Amino acid sequence: MGTDWSVSCHAPYGINTPEVRAAAEAVFAKIIQQMSTWEPTSLISQFNRLPLGGKIELPDAFREVLDIALQVAAATDGALNPCLGAETSRLGFGPTASLPAPTDTPRDAWRTLITHSRAITRHADFQLDLSAIAKGHAVDLLAAAMRGLGITSFLAEIGGEFVAGDPKPYGLPWWVDIETPAQATPWRIALCGQAIATSGDYRNMRIENAQRITHITPHPGATQGSGDFASVSVVHPACAMADAWATGLFASGPKTGLDLANENGIAALFQFRDQAAQASNALKPLQN
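Residues numbered from 1 in each chain as written. Predicted model: local features only at pLDDT ≥ 70, side-chain atom pairs only at ≥ 80, totals over all residues. Heavy atoms only, no water.

A. Spotlight on the pattern of salt bridges. For the coordinates displayed, the defined rule picks out seven salt bridges. A salt bridge links Asp60 to Arg118; its shortest N-O distance comes to 3.0 Å. You can see Asp60 sitting in helix H3 (residues 60-75) and its partner Arg118 sitting in the loop between helix H4 (85-90) and strand E3 (119-121), a full 58 residues away along the chain. Note on Asp60: relative accessible area 52%, which makes it exposed. According to the relative accessible area criterion, Arg118 is partly exposed, its value standing at 38%. A salt bridge links Asp177 to Arg188, with the nearest nitrogen and oxygen atoms 2.6 Å apart. On the criterion of sequence distance, the pair formed by Asp177 in strand E6 (residues 174-178) and Arg188 in strand E7 (residues 187-191) is long-range, its members being 11 residues apart. (Salt bridge = Lys/Arg side-chain N within 4 Å of Asp/Glu carboxyl O. Helix = DSSP H or I, 4+ residues; strand = E, 2+ residues; numbered from the N terminus. Buried < 20%, exposed > 50% of the residue type's maximum accessible area, 1.4 Å probe, protein only.)

Here it is in structure tokens:
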């Protein structure tokens, strides 16, 4: 997945590090085989090579991630858009081996992704990309794998997206520090039985003609406001959903994004490089 992972846990007697590693690597292999656009033999790469009218059968994990993508795409009016794989590659943040789609692919092509039974049909010329959700889903599966080993007190993480299980012994929470832009006030989350995911423009980015170019394509209706917008972090019971919403809210811009978070009851933190962070209404009760 192009990033690192970790698990911190209080394991029952008899559970050892090789068992945890093996369970984690089985999760990663499953997600990569289904949803990695960097792997030419993956299921998503096979779909992206289909002719119009072609269809492909979906395993449960793929269908669950696609359903989340479509749900959040609908809620954000396409700010989260799983059909922008070609645009991401053209910007230099995707696999160069992916088949290019026309530059005029409609932004609402995601509306053609209707699942029938266990299959999806390729009705429009676009490149499907579930990277905004697949990593979060992988963290959810990693957490499930830990519980399958009998480990209930853990903090599982892939590339800075976390799922926490039960508290540590003696009731202590799992503390997660949210990465903050320069000059911003640090934020620390006490995470128990919840997930957190962050999307922003400070890692996958480059400066071109004095503009910040990132892997997240802004929605045409994005409202940037007056601040130097940097990131959105979302707290949710499911990391896949937190991942999807963080991307959709960031692509929406801080003003529209905050409105969307409040309308949908999403606990979200909007961070800026030049002003104080803004919290959605659902996050405020969680603040100290």
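B. A look at the packing of H3 against helix H5 (residues 131-148). Direction vectors running N to C along H3 and H5 enclose 125 degrees, while the axes themselves pass 10 Å from each other. Relative to H5, the element H3 lies oblique. Here H3 and H5 pass one another in a crossing that is right-handed. Across from Ala61, Glu64, Val65, Ile68 and Ala69 in H3, the residues of H5 making contact are Ile133, Ala134 and His137. (Axes fitted to C-alpha atoms, helices over the stretch in contact; angles between N-to-C directions. Parallel < 35°, antiparallel > 145°, perpendicular 65-115°, else oblique. Left-handed = near helix turned anticlockwise from the far one by under 90°. Contact = heavy atoms within 4.5 Å.)

C. Geometry of the packing of aromatic side chains. This model, assessed by the stated rule, comprises five aromatic pairs. Centre to centre, the rings of Phe229 and Phe270 are 6.1 Å apart; their planes meet at 20 degrees, and the pair counts as stacked. Here Phe270 lies in strand E12 (residues 267-272) and Phe229 lies in strand E11 (residues 229-236), a separation of 41 residues in the sequence. Side by side, Phe229 and Phe270 carry an identical accessibility label, which is buried. Between Phe229 and Phe272, the aromatic rings sit 5.5 Å apart at their centres with planes inclined by 40 degrees, giving tilted as the arrangement. Remark: Phe272 occurs in strand E12 and Phe229 occurs in strand E11; sequence separation between them is 43 residues. Per residue, the accessibility class of Phe229 equals that of Phe272, and both read buried. These aromatic residues form a ring-pair network of at least three members: Phe229, Phe250, Phe270 and Phe272. The residue whose ring lies beneath Arg122 is Phe47, and the NZ or CZ to ring-centre distance is 5.9 Å. In this structure, Arg122 packs its charged tip against the face of Phe126, placed 5.6 Å from the ring centre. (Phe/Tyr/Trp six-rings, centres within 6.5 Å; stacked < 30°, edge-to-face > 60°. Lys NZ or Arg CZ within 6 Å of the ring centre and 35° of its normal.)

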